[in-house]
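# Analysis of the macromolecular model
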Amino acid sequence: MRRVAITGLGTVNPLGIGVAETWRRMLAGENGVGPNPHFDTSEYSVRIGAFVDWEVEQHFSRPDQRKLDPFTMWALMSADEALADAGLPGLAEEDEERRYRYGAIIGTGIGGITGIEEQHHVLLAKGAGRVSPHFIPRIMANAVAGQVSIRNGLMGTSFTTSSACASSGHAMGMAWQSIRHGESDLVLTGGAESATTTLGLAGFCSAKALSTRNDDPKAASRPFDRDRDGFVMGEGAAVLVFEEWERARARDARIYAEVVGFGSTDDAFHITAPREDGKGPARAMRLALAAGAVDPESVDYVNAHGTSTHYNDMIETRALRTVFAAHADALAVSSTKSMLGHLMGASSAVELLATALSVHHGQVHPTRNYTTPDPECDLDYVPGEAREVPLRHALSNSLGFGGHNVSICLRRAE
């Protein structure tokens, strides 16, 4: 089996546009949650979220704005940054035979809901004949992988995965397998989501899954804390360059980390609630470790799914104790969602990006707002400040509606 390196990173998220700003703010434990600036939320039970602060006109022309939903735009921006970071800005100019081995596998949980809402209003107000001809290719979930492939001339495998909050976890797992088994030499992979819309927010409010800490948004996302009351909706994208190890070494690429394992399971229990014994996520973690022949005691860090919901955080803690036994007390465990909310289909991607940076730099970002311990969440969640931790191996976990569980294992590049 071939080895897989991470050689490029790119992101657009509520903490910033680009990896440098995002990583700086993550290490500082800064906040990306605030009042909703996009529409009137006075009739909503939740009036906060984690939003991308950007000016679309600085990045995309008016014609492109009509053709692309925000989730696709953010994926394109992230892919541009990731390729530049990897030292691969000109893939589209390479020979076609080489580009047949370059792919794009990108996840999204919901897809182009912004375009759906906009064109539904057009239909009601102006009639069917005024619905945009770009409507379907704009909102279809696979547009994100297709547009990234078109922009960069990637002629190999290209598709979108959709498994709620585990969407980009599955995408990255598929990318790892594609390279590992010899189908691809390079894959742009990750996820994108832009579901913080009027309808998207209303749906999650009705599901009573969100924090209602409207008067204190900075403290709303508090994974593993006793006083957590739900997750915070977020938006954004992250794209990583997965590359065959020897190819990366031959061109003297910087390698952030090696991807050594991927595990995927399902609770087969309930469409939104996790199974309380934690066996599903525990099995996914064990599969990821086994794929890389990784001793659990050599794992130093877990980037947790850590949503800030009561059951999810408790059950993920239970699963970690099941997998790591006594070694669980030695793990550093932190939640990226504590700072930038839950990016849903993009969450796995931005969290693996953070995990790769942690492995590369030997630094672990804190879990923001962890102030009151919960007896049922009794691990080291890195409260307060970032920590210097020389990492050998790290896991990144993602658990999604539908009972989907994904775990990806990274190793320090040596």
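A brief look at the structure comes next. All values reported here derive from a predicted model rather than from experimental measurement.

So, how was this worked out
- Residues numbered from 1 in each chain as written.
- Predicted model: local features only at pLDDT ≥ 70, side-chain atom pairs only at ≥ 80, totals over all residues.
- Heavy atoms only, no water.
- Helix = DSSP H or I, 4+ residues; strand = E, 2+ residues; numbered from the N terminus.
- Rg over C-alpha atoms; globule rule 2.2 N^0.38 Å.
- Buried < 20%, exposed > 50% of the residue type's maximum accessible area, 1.4 Å probe, protein only.
- Contact = heavy atoms within 4.5 Å.
- 1 Å grid on protein atoms, 1.4 Å probe; cavity = no way out; pocket = protein on both sides within 12 Å on 5 of 7 lines; lining within 4 Å.
- Points joined across faces, edges and corners; volume = space filled by probe spheres on them.
- Nonpolar A, V, L, I, M, F, W, Y, C, P; charged D, E, K, R; others polar.
- Arc of directions from axis to C-beta.
- Pairing = 2+ DSSP bridges.
- Core = buried A, V, L, I, M, F, W, Y, C linked by side-chain atoms within 4.5 Å.
- Salt bridge = Lys/Arg side-chain N within 4 Å of Asp/Glu carboxyl O.
- Phe/Tyr/Trp six-rings, centres within 6.5 Å; stacked < 30°, edge-to-face > 60°.
- Lys NZ or Arg CZ within 6 Å of the ring centre and 35° of its normal.

Moving on, we get to the overall build of the protein chain. What the protein chain contains, in helices and strands, is 14 helices and 15 strands. Radius of gyration (C-alpha) of the protein chain: 20 Å, near the 22 Å computed for a compact globule of 414 residues. Each principal axis of the C-alpha atoms in the protein chain carries an extent, and together these give about 65 × 55 × 40 Å. Burial status across the protein chain gives 62% buried among its 414 residues. Within the protein chain, contacts between residues at least 6 apart in sequence are counted, and of these 79% link residues at least 24 apart.

On to empty space enclosed by the protein. In the structure shown here, the tally under the stated rule is one cavity of 30 Å³ or more. Taken as a whole, the largest cavity encloses approximately 30 Å³ of empty space. When its residues are assigned to classes, the lining of the largest cavity shows four nonpolar, three polar and no charged.

Here we take up the side chain of Ser163. Tracing the backbone through its elements, the reader meets Ser163 in the loop between strand E6 (158-161) and helix H8 (167-180). Take Ser163: its relative accessible area is 8%, and that puts it in the buried class.

Time to look at helix H9 (residues 198-206). Among the residues of H9, Gly200, Leu201, Phe204 and Cys205 are the ones counted as buried. What you see down the axis of H9 is that its buried residues fit within an arc of 135°, all on one side. Every exposed residue of H9 that faces more than 90 degrees away from the buried side is listed here: Leu199 and Ser206. Looking at the packing, one finds that the buried side of H9 touches helix H5 (113-126). Looking at the residues trailing H9, positive phi occurs at Lys208, about 55°.

Right, let's talk about the pairing of strand E9 (residues 257-266) for a bit. In terms of burial, E9 is largely enclosed, as eight of its ten residues are buried. Two strands pair when backbone bridges link them, and strand E1 (residues 4-13) and E9 are joined in this way by three bridges, in the antiparallel orientation. Within E9, the residue paired with Ala5 across the bridge is Glu258. Bridging between E9 and strand E15 (residues 404-411) involves eight bridges; their strand directions are antiparallel. Its bridge partner lying in E15, Gly261 is registered against Cys409.

One broad rule of soluble globular proteins: the nonpolar side chains tend to lie buried together. Among the nonpolar cores identified, the biggest contains 45 residues, and Ile6, Phe242 and Leu410 are the most heavily contacted of them. Among the elements of the structure, E1, helix H1 (19-27), H8, strand E8 (236-244), E9, helix H13 (337-340), helix H14 (347-361) and E15 are those that each provide at least two residues to this core. Looking at which element gives the most residues to this core, the answer is H14, with eight residues. Beyond its immediate chain neighbours, meaning those up to four positions away, Leu410 contacts Ile6, Ala257, Glu258, Val259, Val260, Leu352, Thr355, Ala356, Val359, Arg392, His393 and Ala394. Membership of the second largest hydrophobic core comes to 30 residues, among which are Leu83, Leu88, Val144 and Val148.

Let us look at the pattern of salt bridges. Side chains that differ in sign of charge can pair as their charged atoms come close. Taken as a whole and judged by the stated rule, the model has 24 salt bridges. A salt bridge links Asp313 to Arg228, with the nearest nitrogen and oxygen atoms 3.4 Å apart. One end of the pair, Asp313, is in helix H12 (residues 310-324); the other, Arg228, is in the loop between H9 and E8, with 85 residues separating them in the sequence. A salt bridge links Glu243 to Arg247; the shortest N-O distance between them is 2.8 Å. Three or more residues joined by partner-sharing salt bridges are found here, namely Arg2, Arg101 and Asp185.

Let's shift gears to the environment of Leu76. Its location among the elements puts Leu76 in helix H3 (residues 70-85). Here the alpha-carbon distance between Leu76 and Asn152, two residues 76 residues apart in the chain, equals 9.5 Å. Setting aside residues no more than four positions away along its own chain, Leu76 makes contact with Phe60, Leu68, Gln147, Val148 and Arg151.

Our focus in this paragraph is the pairing of E15. Among the eight residues in E15, six count as buried, and that is most of the element. As paired strands, strand E14 (residues 393-400) and E15 are joined by eight bridges and run antiparallel to one another. The residue bridging Leu399 from the neighbouring strand is Asn405, located in E15. Hairpin remark: E14 followed by E15, antiparallel, with three residues in the connecting loop; positive phi at Gly402, about 100°.

For the rest of this paragraph, the subject is the environment of Tyr100. By the secondary structure assignment, Tyr100 is in the loop between helix H4 (96-99) and strand E5 (102-107). Separated by 53 residues in sequence, Tyr100 and Gly153 have C-alpha atoms that sit 9.2 Å apart. When sequence neighbours within four positions are dropped, the list of residues in contact with Tyr100 reads Met155 and Gly156.

Here the focus is the packing of aromatic side chains. Applying the stated rule across the entire model yields five aromatic pairs. Centre to centre, the rings of Phe39 and Tyr44 are 5.8 Å apart; their planes meet at 50°, and the pair counts as tilted. Comparing Phe39 with Tyr44, the two get one shared label, buried. Taking 5.6 Å as the distance between ring centres and 80° as the angle between the ring planes, the aromatic pair formed by Phe204 and Phe231 counts as edge-to-face. Of this pair, Phe204 sits in helix H9 while Phe231 sits in the loop between H9 and E8, and the two are 27 residues apart along the sequence. Take Phe204 and Phe231: they sit in the same class, and that class is buried. Taken together, the aromatic side chains of Phe224, Tyr370 and Tyr381 make up a single cluster linked through ring pairs. Geometry around Trp245 places Arg3 over its ring, the cationic atom sitting 4.0 Å from the centre.

These results come straight from atomic positions and should not be treated as a statement about function.
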